[in-house]
Each structure stands twice: as C-alpha cells, then as structure tokens.
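Descriptive analysis of the structure
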Amino acid sequence: MSRILPDLFARNRAWAAATEAREPGFFTRLLQQQTPQYLWIGCADSRVPANELVGLLPGELFVHRNVGNLVVHSDLNALSVIQYAVDVLHVSHIIVVGHSNCGGVRAALTDERAGLVDNWLRYVQDVRDAHEAFLAGLDESLRVDALVELNVLEQARNVCHTTVARDAWQRGQTVAVHGWVYGLHDGLLEDLSMTVASAEEVGPAYASALALMKQRWQQRQVQIGA
Ligand code: CO
C-alpha cells in the first residue's frame, strides 16, 4: 500500500481542472461565500454520496454524516452542525436521509456485534424497541428497510426538538425539517411525508408520517403473502 495515495491526488487534480474548465472562476467564487440552502444529515455509508445524488455542487449542500444518520440530543457534533447551518448559514431545509439496506440499522435490528459502534447503534435499537410489535408483524425481509424509515422519522423529530430548531421557529425564521430515504437499489430518493416548518407541526407531522409509513409496510407484507 502506498503511503502517499498518488492515485487520489491525481484524481483530485483532474477533478479540480475539469471543474474549473467547465465553470471558469468556480473556486474563486466559492472562496467569497458559502450559501447552501440545505443541510443534509445522512449515513456515513460510502454508497450514499450526498452532493452527487441530488446533483448539487460544492457550496450548495451543508453535510453531516454519521453511522445510521442519527441526531442524538446530546451529540455536540451534530448539534453544532445544525446550529451553524441554521443560525449562521440560514439554511431553509434540514433533511434527514436514511438509506435502504443500511448496515448500521441491520446490525441494530439483529443485535449483530461489530465493536464500539454497537453503543452508538443503541439509539437505533431504542427506535426498534419502541416499535417492536409493528416490526414483529413484518416478514424478516422487510424489517431492515422498515426500521430505516422508523429511524428517519425519529431522527427528523429529534432535529425538531433541538433548541436550535425551536429557537429559529420562535423568532420566525423559515426552516423546514424533512425525512427522506434513499434506495441503494435504484438511486432514488423517497419523501416520507414528514415535513415540519413550525413547533406546532412536530407532533401531528410525525404521527401522520408514521401512520402512512406503517400502512405502506403492512401493504407490502400483504403483497408478499407471508
Ligand atoms: Co447506513
């Protein structure tokens, strides 16, 4: 293994040159300001490249990623990203994005041991346990992706409960929180119909998105006839 990764540096030079050729002055303009409209909170999974899959360029998407796209109430890292995005960059949208076949969610679901990360995934297990009866009613082949969606709704709700979101709404700032899932199999995003733009909407939006989501998975359960 090379210690200096020449391949990556060569690819980087090619990318920078191609970007500059396509849009002369691109990097100089980026230097002046960063004004993304969106904060993306997604999984660290290497198959879910945030900017790329929504066709956004550097400067257009503020990104936070961790294993399982979690927003933990006391996670200073995620909270700092959300605070900076809302208070300083004034993003209009915060999008929590889970993805199908998530390894973190799968491990959490099945109590697979991977090491230290198990402790982090404990938060996904809290979500699993809160919806134990619903998940038990689904075929095993459906459970991972169902839990992926439950987890997105839960983490989107956690964003809404941060002091950052609540304070922003209180002072009349326009910022909407969304819950999406990305399909590894087809590269497509799906909106889980949880869009929240005020403190009053949090409870009702979560409840209706959850009901819709459960309905959808119960239909799938019927379809596979298990
Ligand atoms: Co994942």
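No experiment lies behind these values; they were computed from the predicted model shown.

What follows is about the overall build of the chain. Secondary structure assignment for the chain yields ten helices and five strands. In terms of overall dimensions, the chain is globule-like: its C-alpha atoms have a radius of gyration of 19 Å, near the 17 Å expected for 226 residues. Expressed along its principal axes, the backbone C-alpha trace of the chain runs to roughly 55 × 50 × 35 Å. Across the 226 residues in the chain, those meeting the buried criterion constitute 43%. Contacts in the chain between residues at least 24 apart in sequence constitute 63% of all its contacts with a sequence separation of at least 6. Put simply, the chain shows about 12200 Å² of open surface, and 55% of that area lies on carbon and sulfur atoms. Measuring between centres, the 18 positive side-chain charges of the chain sit 4 Å from its 25 negative side-chain charges.

Time to look at the coordination of the cobalt ion. The coordination sphere of the cobalt ion, as far as protein atoms go, consists of Cys 43 (SG), His 99 (NE2) and Cys 102 (SG), spread over 2.0 to 2.2 Å. The motif formed by the donor residues of the cobalt ion, counted along the single chain, is C-x55-H-x2-C. Of this pair, Cys 43 sits in strand S1 (residues 38-43) while Cys 102 sits in the loop between strand S3 (93-99) and helix H5 (103-110), placing them 59 residues apart in sequence. Of the residues examined, Cys 43 reaches a relative accessible area of 5% and is grouped as buried. For Cys 102, a relative accessible area of 1% corresponds to the buried category.

In this approach a probe as big as a water molecule rolls over the atoms, and the regions it shows empty are the leftover space. Counted as a void, the largest pocket has a volume near 230 Å³. Taken together, 14 residues make up the lining of the largest pocket; nearest its centre are Leu 30, Thr 35, Pro 58, Gly 59 and Glu 60. With three residues, helix H2 (residues 26-32) is the single largest residue contributor to the lining of the largest pocket. Partitioned by chemical class, the residues of the lining of the largest pocket number six nonpolar, five polar and three charged. If you count residues domain by domain, the lining of the largest pocket takes at least three from each of domain 1 (1-32) and domain 2 (35-225). Lining the second largest pocket are 15 residues, with Ser 100, Val 181, Gly 183, His 185 and Glu 190 sitting closest to its centre. At the level of elements, helix H8 (140-161), strand S4 (176-182), strand S5 (189-196) and helix H10 (202-223) are the ones that each hand at least two residues to the lining of the second largest pocket. Examining the composition of the lining of the second largest pocket, we find that three residues originate from one element, H8, more than from any other.

In this section: the packing of H5 against helix H6 (residues 117-130). Here H5 crosses H6 at 60°, and the two axes come no closer than 9 Å. Of the two elements, H5 crosses H6, and the hand of that crossing is right-handed. Packed against H5, whose contacting residues are Gly 104, Val 105, Ala 107, Ala 108 and Leu 109, the element H6 presents Leu 121, Val 124, Gln 125 and Arg 128 at the interface. Per-class residue counts for the contact of H5 with H6 are six nonpolar, two polar and one charged.

What follows deals with the environment of Arg 128. Within the element layout of this structure, Arg 128 appears in helix H6. Accessibility expressed as a relative area gives 14% for Arg 128, which makes it buried. Note: C-alpha distance between Arg 128 and Val 144 (16 residues apart in sequence) is 10.0 Å. Only 3.0 Å separates the side chain of Arg 128 from the backbone oxygen of Ala 108, close enough to count as a polar contact. Of note is the side chain of Arg 128, whose polar atom sits 2.9 Å from the side chain of Asp 129.

Conventions we followed
Residues numbered from 1 in each chain as written. Predicted model: local features only at pLDDT ≥ 70, side-chain atom pairs only at ≥ 80, totals over all residues. Heavy atoms only, no water. Helix = DSSP H or I, 4+ residues; strand = E, 2+ residues; numbered from the N terminus. Rg over C-alpha atoms; globule rule 2.2 N^0.38 Å. Buried < 20%, exposed > 50% of the residue type's maximum accessible area, 1.4 Å probe, protein only. Contact = heavy atoms within 4.5 Å. Areas by Shrake-Rupley, 256 points an atom, 1.4 Å probe, with all protein chains shown as cover. Lys, Arg positive; Asp, Glu negative; His and termini not counted. Charge placed at Lys NZ, Arg CZ, Asp CG, Glu CD. Donors = N, O, S within 2.8 Å, 3.2 Å for Na, K, Ca; no water. 1 Å grid on protein atoms, 1.4 Å probe; cavity = no way out; pocket = protein on both sides within 12 Å on 5 of 7 lines; lining within 4 Å. Points joined across faces, edges and corners; volume = space filled by probe spheres on them. Nonpolar A, V, L, I, M, F, W, Y, C, P; charged D, E, K, R; others polar. Domains from an automatic or database assignment. Axes fitted to C-alpha atoms, helices over the stretch in contact; angles between N-to-C directions. Left-handed = near helix turned anticlockwise from the far one by under 90°. Polar contact = N/O pair within 3.5 Å; in protein donor to acceptor, adjacent residues only side chain to side chain.

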